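If you want the building blocks of each chain, they are given just below.
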Amino acid sequence: MGLPLLSLIVLVPAAGAVVLMVLRSDGAVRWTALAVTLLDLALCIAMLSGFDTTTHAMQFAEKYPWVPALGIAFSLGVDGISALFVFLTALLGTVCVLASWVAIESRVKAFMVSLLAMQALMLGVFCALDLFLFYVCWEAMLIPMYLIIGIWGGEGRIYAAFKFFLYTLAGSLLFLVGVIVLYQHGGRTFDILALTAQDLPFGIQSWLFFAFLVAFAVKVPMVPVHTWLPDAHVQAPTAGSIILAGVLLKMGAYGFLRFSLPMLPEASVYYSTLMLALSALAIVYGGLLALAQDDLKKLVAYSSISHMGFVTLGIFALNLRGLQGGILQMFNHGVTTGALFLFVGLIYERTHTRSIADYGGLMKLVPVYTSFLALFTLSSMALPGTNSFVGELLVLSGGFAANLAFGAMAVLGALLGAAYLLGMYGKVALGPVSLVTPYKMRDVNAREMAAILPLAAFVLWVGLYPKPFLAITDASVRHLLVQVNAEGAGR
Amino acid sequence: MDPAISIRPLVAVAVPGLAALAILVLRNRETLRDAVSPLAAVILLAIVASMAPTVLSGGTVDLRLFEILPGIDFAFRADALGMVFATVSSLLWVLAAIYSIGYMRHLNEHAQTRFFACFATSIAAAVGGAFAANLFTLVIFYEVLSLVTYPLVYHHEDEEGWRGGRKYLVYLMGASKSVLLAALALTYTIAGSLDFVPGGLLADANASPALLATVYFCYLFGFAKAAVMPMHAWLPAAMVAPTPVSALLHAVAVVKMGVFCVLRLVFDVFGVGLVGRLGLGIATAYLVSFTILMASVYALTRDDLKARLAYSTVSQLSYIVLGAVLVSPVAMVGGIIHIAAHAFSKITLFFCAGSIYCASGKRNISDMAGIGRRLPWTMGAFFVASLSMIGIPPTAGFVSKWYLAQGTVEGGQVAFLVVLLASSVLNAAYFLPVSYAAFFQPEPQDGRPPVREIPMVAVPLVATAALSVLMGIFPGYFLTLADGVVR
């Protein structure tokens, strides 16, 4: 296959951003941005359809020299762990453009440019096989995200944007230290596969593990470094929230999967109980916080902390089901929480309030909206038949195998999830019609439907027939387990 | 016997499902819309009946659709136990569909399209649960049933409706998102599969007795629809629903789904042997005995007829569970056929409560003096069904109680025989006064116009009362199926 597919996937949105800069009318900007994201999505589908599920090796690999003197290369590739997220990023990218169609009124061009730049950098993170390239994308991502929150956000946007920036930057600095240590120890190369293959002494692994932990935990986010998340979500425009929840949070977990586990297997096994404890804490604490919210966006934001706790719980269960469930749950969370933020945005555009207390009886006013909201609410609380249930069952099964007590705590989190999600839905959609909200409201239109339907399809597809998704990750997860167990358990 | 592979179990689920869609499409054409439910019910009954010969002769009808996770398929299997549940719900849907039309039209209820659509979907869920071949498939339909019955419970959309609905959902979802979820995950961890295995999926499991016992009780309380105390409080709260809902769903589909799940748990997940070995059976028996007696006492104190029936249901459901856990084949047969016996009689009682309400607007037993002379068919049927609840021959309730009582003696558990007898006395104490008041107390002279039977409501309830008697005289069909389960 001569086509450099991954380069195209990464560079198409970047090129799109450049093209947008020369356009003049807002309409042209919107349609071009949509076309670019759709093209990118098509490329990702092409990538997945050519994906070989029988191997754990990096596929579609490309390598071009960049700074040979320092061992830096422009090196891309995907395996079962990253492929799903490349697709998810492109899918949510399209949804984001649709969600911003009318919500963003000022400086449309600048917004869409930021959005596409963001997408290119996120795809770069997931595709990078060179640590330097990874780090550049990882850090550069902060800039468009900072702009998206800081310029198009709500009233407290400056504070939220700064908090987001500072937290992630602080985490990244430790990551940089880790990268330099790896570079020195690994024979002065940035090749991720080569770095993975080396055998580090346990002492260094431990230090690196905690350096990485800080960086990744901020992104996930894990309790207690989660406090930037609600601020950022509440202030961000809808598209910003979708990207944050759908993709950015996944990068922390992806970091664990790509770096901590395979490069630092002994430390990962040694500290796995600590990680399980932190995950269980995040599940319960995030759930409790979500239970106390009146702001729709904050509720979904805190629920993300709880749900990402399930992801890290699965990952650090360090068994097949846990890892598979964790990765599937990352994908599911991207779809479902992305959709929930979209729905909060849709109703906010109509009513200009996010307070749950202001709502009531939306079922009578906007039946189509509330029906789909019900689907995503049920998906978020992992009702059997929806995507999250499959992931949750796998995570819990793996979690119980690793540690009964933390598994039980996770179940408590699932119960809390049902409580705040059903409570929210009951107040917003059912009951008597609220007098605060406008009496007449427009139901979902075709553009909004175009953003909703693919996400709804994935909710049911993964819920009832997750096999294709698990097949993508299977070989890589098994290989990862071999890496962790062979070296980690050998100690 | 090799399983017969057939698409019929899936069709059985699809028929009521498609009926719900048709109802939504025909929402502006009332007559056509209302014709959908009875028609679909007859088709469903025919499909279920077409599978009966295979199952009666000891076979199963299987359909494996696709793999969800390793060890977990989306699959159907019509076996003897599933056939009991499916027969009962499809047969009673025919009558309930006619009754609902009469009831909803007479009271001129709002949101009838939503009502009939949810009603049909809940039948689809019940049949799907009956034919589910593993826990995963079963739980999907179990949750669908919770969801689609929720709008039926809050149907009136008044303060009381919302409160009852909330309680309904909190109990059912709370149980399934906590203990049931944990039980499923632990089962999958221990056994690597969620399939129903005759003799028990976990029978040879490599796990500590303490863990297995925890899993067992997580299931028992996780299936809150079975209303084993303390997970029963949703059931009386759900009585705010229109009476046809209480009838079919809270006497047949919903609660029977609960006890059906518990029977699956005992027979096909843990296996009778393991339940006996770990002493779980006897522990459960004490637990449900408490439920049987307490619920009967509650029922005695309720003047609202539907509330009394609700507590009676709580009590009677535990009979079914009691039969299953006594680890005596005879008691098991009794428990299984009590699914049908209770369904036929309890639906009659609810139909009667609805008929009284339609005709006179009365809900409290103390207001029903002399009403039997105005509504002879209704109150006659009520009396017959009461006899069945108490367990007097020749009604269905007698047959199942006979087997249950024999089972306690055979298993050497005479304590539970006392529970059964005490409960029968209590049943008589709260049911017979209703009939007495209706037939023998003088009608108050309050100058209100006399009430009359409503034909479309009265015919189905006479039919279900007749079924209660017929099953008492010809229990062969259900006995054969129950034997098939126990064997």
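Shown above is the structure to which this text applies.
All values reported here derive from a predicted model rather than from experimental measurement. (Residues numbered from 1 in each chain as written. Chains lettered and ligands numbered in written order. Predicted model: local features only at pLDDT ≥ 70, side-chain atom pairs only at ≥ 80, totals over all residues.)

Caption draft 1: A look at the packing of helix α1 (residues 5-22) of chain A against helix α2 (residues 26-49) of chain A. Residue and element names in this part refer to chain A. Direction vectors running N to C along α1 and α2 enclose 180°, while the axes themselves pass 9 Å from each other. Classed by the angle they form, the pair α1 and α2 counts as roughly antiparallel. Contacts between α1 and α2 involve L5, L8, I9, V12, P13, G16, V19 and L20 from the former and V29, T32, A33, V36, L39, D40, L43, C44, A46 and M47 from the latter. In terms of residue class, the contact of α1 with α2 is made up of 15 nonpolar, 2 polar and 1 charged. (Axes fitted to C-alpha atoms, helices over the stretch in contact; angles between N-to-C directions. Helix = DSSP H or I, 4+ residues; strand = E, 2+ residues; numbered from the N terminus. Parallel < 35°, antiparallel > 145°, perpendicular 65-115°, else oblique. Contact = placed C-beta atoms within 7 Å. Nonpolar A, V, L, I, M, F, W, Y, C, P; charged D, E, K, R; others polar.)

Caption draft 2: Highlighting unusual backbone geometry. A cis amide bond links M229 of chain B to the next residue, P230 of chain B, at an omega of 10°. Residue position: P230 of chain B is located in the loop between α7 (209-222) and α8 (234-237). Going from P393 of chain B to P394 of chain B, the amide bond is cis rather than trans, its omega being 5°. Backbone geometry at H352 of chain A places phi at a positive 60°, although glycine is not the residue there. As for its placement among the helices and strands, H352 of chain A is situated in the loop between α15 (320-351) and α16 (362-365). Looking at H352 of chain A, the number of C-beta atoms within 10 Å reads 10, which means it is exposed. For A227 of chain B, which is not glycine, the phi dihedral falls at a positive 60°. In this fold, A227 of chain B is placed in the loop between α7 and α8. Take A227 of chain B: there are 30 C-beta atoms within 10 Å of it, and that puts it in the buried class. (Buried ≥ 20, exposed ≤ 12 C-beta atoms within 10 Å, placed from the backbone.)

Caption draft 3: Just the pairing of strand β2 (residues 61-69) of chain B, in detail. Residue and element names in this part refer to chain B. Of the strand pairs in this sheet, strand β1 (residues 4-5) and β2 are connected by 2 bridges, and their pairing is parallel. Opposite I5, over in β2, you have D62 as the bridge partner. Connecting β2 to the antiparallel partner strand β3 (residues 72-78) that follows it, the hairpin turn spans 2 residues, and G71 within it adopts a positive phi of roughly 85°. (Pairing = 2+ DSSP bridges.)

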